[in-house]
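Architecture at a glance
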Amino acid sequence: MSEGSYQVFKYEKPCDMPGSKAIVQLAGSDIIRGRVQVVREGGENNLHSHRGMDGFWMVLAGRVRFYGPANVVIGEFGKHEGILIPRGEQYWFESASDDEELEILQMAGFEKGAKIERVDAEEQTLSVESVDLREVTQTR
């Protein structure tokens, strides 16, 4: 690694989210990215998959329910539980808690040389512009 390439971060749950969802970008490189998604209600808005990207999800607070094609429940997870979604597998998720906001760690691993893209199987209903995106990474 070259000088100045270390990334440090500190996660704090956003308390001033303008909408129902926020994404806090923790750190990332050309092969990995770490984020925390905070969801007041709902969650991912449509069935989709990712080319060239595996997704690792772990609940930090609240509960989450993941679905596959035809709205088949893949699993429901609580604190410190999660799922790995291999690239190409279709899914969507939602908060499964009525009394606690969902905070979920998302780690993404990128396949070298592959075209990284989201593939929507259904129309998106959540406007990308409505999601609050914050970066907390500092490079040292």
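This section reports on the structure supplied with the text. (Residues numbered from 1 in each chain as written. Predicted model: local features only at pLDDT ≥ 70, side-chain atom pairs only at ≥ 80, totals over all residues. Heavy atoms only, no water.)

**As for the overall build of the protein chain**
Across its full length, the protein chain holds 0 helices and 13 strands. The secondary structure elements of the protein chain, listed N-terminal to C-terminal, are β-β-β-β-β-β-β-β-β-β-β-β-β. Within the span of the protein chain, comprising 140 residues, buried residues form 39% of the whole. Contacts spanning at least 24 positions in sequence make up 70% of the contacts within the protein chain whose residues lie at least 6 apart. If you sum the accessible surface of the protein chain, you get close to 8,200 Å²; carbon and sulfur atoms cover 49% of it. (Helix = DSSP H or I, 4+ residues; strand = E, 2+ residues; numbered from the N terminus. Buried < 20%, exposed > 50% of the residue type's maximum accessible area, 1.4 Å probe, protein only. Contact = heavy atoms within 4.5 Å. Areas by Shrake-Rupley, 256 points an atom, 1.4 Å probe, with all protein chains shown as cover.)

**Looking at the nonpolar core**
Membership of the largest hydrophobic core is limited to 12 residues, which are Val39, Trp57, Val59, Val64, Phe66, Phe77, Ile83, Ile85, Tyr91, Phe93, Leu102 and Ile104. Not counting residues up to four positions away in its chain, the partners in contact with Ile83 are Gly55, Phe56, Trp57, Phe66, Ile74 and Phe77. Formed by 7 residues, the second largest nonpolar core is a distinct cluster that contains Met17, Ala22, Val24 and Val38. (Core = buried A, V, L, I, M, F, W, Y, C linked by side-chain atoms within 4.5 Å.)

**Brief notes about the pairing of strand E7 (residues 73-77)**
Here strand E6 (residues 64-67) runs beside E7; their pairing, made up of 4 bridges, is antiparallel. What sits directly across from Val64, in E7, is Phe77. Hairpin remark: E6 followed by E7, antiparallel, with 5 residues in the connecting loop; positive phi at Ala70, about 60°. (Pairing = 2+ DSSP bridges.)

**Quick word on the pattern of salt bridges**
A complete count under the given rule lists 12 salt bridges for this structure. The partner of Arg87 in a salt bridge is Asp54, with the nearest N and O atoms 3.0 Å apart. Of the two residues, Arg87 is situated in the loop between strand E8 (82-85) and strand E9 (92-95) and Asp54 in strand E5 (residues 53-61); the sequence distance between them amounts to 33 residues. (Salt bridge = Lys/Arg side-chain N within 4 Å of Asp/Glu carboxyl O.)

**Here's the deal with the pairing of E6**
Pairing analysis gives 4 bridges linking E6 to E9, with the strands arranged antiparallel. Within E9, the position partnered with Phe66 by the bridge is Phe93.

**A word on the sheet that holds E9**
The strand order across the open sheet formed by 3 strands is E7-E6-E9, and the pairing between neighbours is antiparallel. What marks the edges here is a single partner per strand, and that holds for E7 and E9. Adjacent strand axes in the sheet meet at a mean angle of 15°, parallel and antiparallel pairs treated alike. (Axes fitted to C-alpha atoms, helices over the stretch in contact; angles between N-to-C directions.)

**Some thoughts on the side chain of Glu103**
With respect to the helices and strands, the residue Glu103 is situated in strand E10 (residues 102-110). Put simply, Glu103 is tucked away with no salt bridge, and the nearest opposite charge, on Lys13, sits 4.1 Å away. Ignoring any residue separated from it by four or fewer positions in sequence, one finds Glu103 in contact with Tyr11, Lys13, Val36, Gln37, Val38, Met58, Val59, Leu60 and Ala61. (Lys, Arg positive; Asp, Glu negative; His and termini not counted.)

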